[in-house]
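An overview of the molecular structure
Each chain is listed here by its residues.
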Amino acid sequence: MTDVLDQQHQVLLTPSPLQRVGAFALASLARVSHPDQLTADSFTAAVATMTRHLLATADVAKAADLGGFWLGASYMLWPNSKINPTARGKQSPAQRRELITEWRALPDPAVWPAAPCAYCDRPACKWFGKVDIPLGVSVEHRNTTAPGHEGTPLCYPCVASLWAFPYGASLSGGRAAAIHSWDDAFLAPMTRLAVKRTLAKAQAPPVKTKGDPPWYARELAVLEAVRSYDQRIHCGVELIVLSNSNKEQLLRVQEMGQPIAEWLRSTTARTDRRAGYRTLVAAQASKDASGEAFLAKRAFDDPAAVLHRTTAYLLGRVSAKRVLPAEVSGLAPLVYSYCIEVLNMDEKDVARIKDLAARLAALLGQDSRPGPFGGFMRANAKGGDLYGWFRSQSVQWLLKTRPAGMPRTLLPVEEYRLLFDDERAWSHRRLLVFAVMEALVEAGWQPKGSAEEIEDIADVAESLADEETN
Ligand SMILES: [Zn+2]
């Protein structure tokens, strides 16, 4: 029995992301860096701390009052629980305290179900339902629910981890949002920071937030987290958003892949990538969302769009300012590394596209009028005929314009394949547009022509930005 009781005080990491975030939150509440370091005593103390936070709401009339933070959060996290019963208004603070204490206590071993914990397989201490386990999380474990029982068997450390989950999350807008990763070394400091913020928020006077939250604020928080981390990120980073309230049952998990998480981190960690980051961010902005928030959103669901938006933005600048923007050079280390590390382009293919861009820059740079440059850009836009453009230019290249030392073929078969017969063809073309601009900037070329001719490129830029990325 002692062994079994010991187990009910020992936190294990399980395959459940919510439980894992909660386990690290318990570790943070106990001021240790990993759940493995929790002793029975420090675990008990951490659970007691959480219970004390809930007990403090017993003297509060309304959730909006000072000290009502956990009462307010409870409607979203633990609806119809002992902290917020319908009859709460008629209960005395002592009655409220009694119910909360009873809810959070380890059940008497005599009433434990003879069932293994759905998360860790050790003996469960009780059947738990949606009050303690947010919907969607329990769904995964539906098969473990025995006939005649409502709920899921859990051991005490696992259910305590679920209770601790909100400490490791950001609670706002009626939802809990947490960062999760299977990389424990990353998860530990991220959860620690979240716990610190939640504790501070719980103590502060309640603030009424006005208006809608900024677009993609939760995704942006993940981007800031990965960019601030000082070690290599070994796994993808998940954003878990949930609500367990009666009004809305929600569990949404989005994953930022490991390659882009690590790449975003490199934009702070590596000096050669730091310089262009602001331009890359500016390129992602829309009228609704800030550039960095939109970059964060695309990092989750459409990494290729980051490249496409960047080239469209640069072309837009050419049309607005009538010069090739100098930012192109600063962006180069970001764009090439992004293509290789995030979009998974082959390094050799990227080198081929750069060589092709050098030939195109030599070709286009021979004419200071913006027409030929615009013609190439137009061929890349929606409805443009890039292949036709190459056909007409190839003859020109062979017979007239080829500078000494450049190969006779403008578009060799390998390059043709990359641009016209490859699943990443669209991204290769955008990279080519970028590389041509970079090569022209390096050569000191600038368009000299009428304003109209240059402004003409504006619709090309828009078309490059609007186009579907796949
Ligand atoms: Zn368990």
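Residues numbered from 1 in each chain as written. Predicted model: local features only at pLDDT ≥ 70, side-chain atom pairs only at ≥ 80, totals over all residues. Heavy atoms only, no water.

1. Points about the environment of Cys158
- In this structure, Cys158 sits in helix 6 (residues 156-164).
- Between the alpha carbons of Cys158 and Leu18 there is a distance of 9.9 Å; along the sequence they are 140 residues apart.
- For Cys158, the contacting residues outside a window of four places in its chain are Thr14, Gln19, Cys117, Tyr119 and Cys120. (Helix = DSSP H or I, 4+ residues; strand = E, 2+ residues; numbered from the N terminus. Contact = heavy atoms within 4.5 Å.)

2. Regarding the domain arrangement of the protein chain
- You can read the domains of the protein chain as domain 1 (2-166) and domain 2 (302-466).
- Domain 1 and domain 2 are separated by 58 Å when their C-alpha centres are compared. (Domains from an automatic or database assignment.)

3. Quick notes on the coordination of the zinc ion
- Coordination sphere of the zinc ion, protein contribution only: Cys117 (SG), Cys120 (SG), Cys155 (SG) and Cys158 (SG), at 2.3 Å.
- Every donor counted, the four donor atoms about the zinc ion form angles of 102 to 117 degrees at the centre, which fits tetrahedral coordination.
- In primary-sequence terms, the residues that donate to the zinc ion follow C-x2-C-x34-C-x2-C. Considered together, Cys155 and Cys158 belong to a single accessibility category, that of buried residues. (Donors = N, O, S within 2.8 Å, 3.2 Å for Na, K, Ca; no water. Tetrahedral: all angles 85-135°; square planar, octahedral: opposite > 155°, others 65-115°. Buried < 20%, exposed > 50% of the residue type's maximum accessible area, 1.4 Å probe, protein only.)

4. Let's talk about the nonpolar core
- Residues Leu360, Phe373, Phe390, Leu432 and Met437 are the most contacted members of the largest nonpolar core, which totals 85 residues.
- With ten residues, the top contributor of residues to this core is helix 19 (residues 425-442).
- Beyond its immediate chain neighbours, meaning those up to four positions away, Leu360 contacts Gly365, Phe376, Trp389, Phe390, Leu410, Leu432 and Val436.
- Judged by nonpolar contacts, the second largest core, of 55 residues, contains Leu29, Leu71, Leu77 and Ala160. (Core = buried A, V, L, I, M, F, W, Y, C linked by side-chain atoms within 4.5 Å.)

5. Examining the pairing of strand 5 (residues 237-244)
- Among the eight residues that make up strand 5, eight are buried, leaving the element largely enclosed by the rest of the structure.
- Here strand 5 shows no split at all, with Val237, Leu239, Val241 and Ser243 on one side and Glu238, Ile240, Leu242 and Asn244 on the other all buried.
- In this structure, strand 4 (residues 175-181) lies alongside strand 5, joined through six bridges in antiparallel fashion. For Ser181, the partnering residue across the bridge sits in strand 5 and is Val237.
- Sheet topology note: the strand 5/strand 6 (residues 249-256) ladder contains eight bridges and is antiparallel. The residue of strand 6 that forms the bridge with Leu239 is Gln254. (Pairing = 2+ DSSP bridges.)

6. Focus on the pairing of strand 4
- Taking burial as the measure, the seven residues of strand 4 include six buried ones, the bulk of the element.
- As defined by bridge partners, strand 3 (residues 170-172) adjoins strand 4 across three bridges and the pair is classed as antiparallel. Bridging across to strand 4, Ser172 finds its partner in Arg175.
- Connecting strand 3 to the next strand, strand 4, in antiparallel fashion are two residues, including Gly173 with a positive phi near 60 degrees.

7. Things to note about the pattern of salt bridges
- Taken as a whole and judged by the stated rule, the model has 20 salt bridges.
- The partner of Asp301 in a salt bridge is Lys297, with the nearest N and O atoms 3.0 Å apart. Taken together, the residues Asp301 and Lys297, both in helix 12 (residues 291-301) and four residues apart, mark about one turn of the helix.
- We classify Lys297 as partly exposed; its relative accessible area is 21%.
- Residue Arg417 pairs with Asp349 through a salt bridge whose shortest N-O separation is 3.9 Å. In this pair, Arg417 is assigned in helix 18 (residues 413-420) and Asp349 in helix 15 (residues 347-364), connecting sequence segments 68 residues apart.
- Given the relative accessible area of 27%, Arg417 is considered partly exposed.
- For Asp349, a relative accessible area of 13% puts it in the buried group. (Salt bridge = Lys/Arg side-chain N within 4 Å of Asp/Glu carboxyl O.)

8. Structural notes on the packing of helix 8 (residues 217-228) against helix 9 (residues 258-269)
- At their nearest, the axes of helix 8 and helix 9 sit 7 Å apart, and the two run at 65 degrees to each other. Taken as a pair, helix 8 and helix 9 cross one another with a handedness that is right-handed. Taken together, the residues of helix 9 that come into contact with helix 8 (itself represented by Leu223, Val226 and Arg227) are Ala261, Leu264, Arg265, Thr267 and Thr268.
- Taken together, the residues of the contact of helix 8 with helix 9 sort by class into four nonpolar, two polar and two charged. (Axes fitted to C-alpha atoms, helices over the stretch in contact; angles between N-to-C directions. Left-handed = near helix turned anticlockwise from the far one by under 90°. Nonpolar A, V, L, I, M, F, W, Y, C, P; charged D, E, K, R; others polar.)

9. Some remarks on unusual backbone geometry
- Within the chain, Asn80 stands out as a residue other than glycine whose phi angle is a positive 55 degrees.
- Take Asn80: it is sitting in the loop between helix 4 (69-77) and helix 5 (93-104).
- Located in the positive-phi region is Asp121, a residue other than glycine, with phi close to 75 degrees.
- Mapping Asp121 onto the fold places it in the loop between helix 5 and strand 1 (126-128).
- Exposure remark for Asp121: the relative accessible area of 60% places this residue in the exposed category.

10. Describing the packing of aromatic side chains
- As enumerated under the stated definition, the model contains 19 aromatic pairs in all.
- Of note, Arg104 hangs over the ring of Trp78, and the distance from its end group to the ring centre comes to 4.9 Å. (Phe/Tyr/Trp six-rings, centres within 6.5 Å; stacked < 30°, edge-to-face > 60°. Lys NZ or Arg CZ within 6 Å of the ring centre and 35° of its normal.)

11. What to know about the sheet that holds strand 6
- Taken in spatial order, the four strands of this open sheet run 3-4-5-6, and their pairing is antiparallel. Only two strands of the sheet have a single neighbouring strand rather than two, namely strand 3 and strand 6. When strand polarity is set aside, the average angle formed by the axes of neighbouring strands in this sheet is 20 degrees.
- The strands touched by helix 2 (residues 17-29) are strand 4, strand 5 and strand 6; relative to strand 4, the strand with the most contacts, the crossing angle is about 90 degrees.
- Against the sheet, helix 12 touches strand 5 and strand 6, its axis set at about 85 degrees to strand 6.

12. Brief notes about the environment of Arg408
- On the secondary structure map, Arg408 appears in the loop between helix 17 (386-401) and helix 18.
- Using a relative accessible area of 54% as the deciding quantity, one classes Arg408 as exposed.
- Apart from the residues lying within four places of it in its own chain, the contact partners of Arg408 are Trp397, Leu398 and Arg402.

13. Some thoughts on the side chain of Thr310
- Along the chain, Thr310 falls in helix 13 (residues 303-321).
- A polar side-chain atom of Thr310 sits 3.2 Å from a polar atom in the side chain of Gln284.
- In contact with Thr310, other than residues within four places in its own chain, are Leu280, Ala283, Gln284, Leu331 and Val335. (Polar contact = N/O pair within 3.5 Å; in protein donor to acceptor, adjacent residues only side chain to side chain.)

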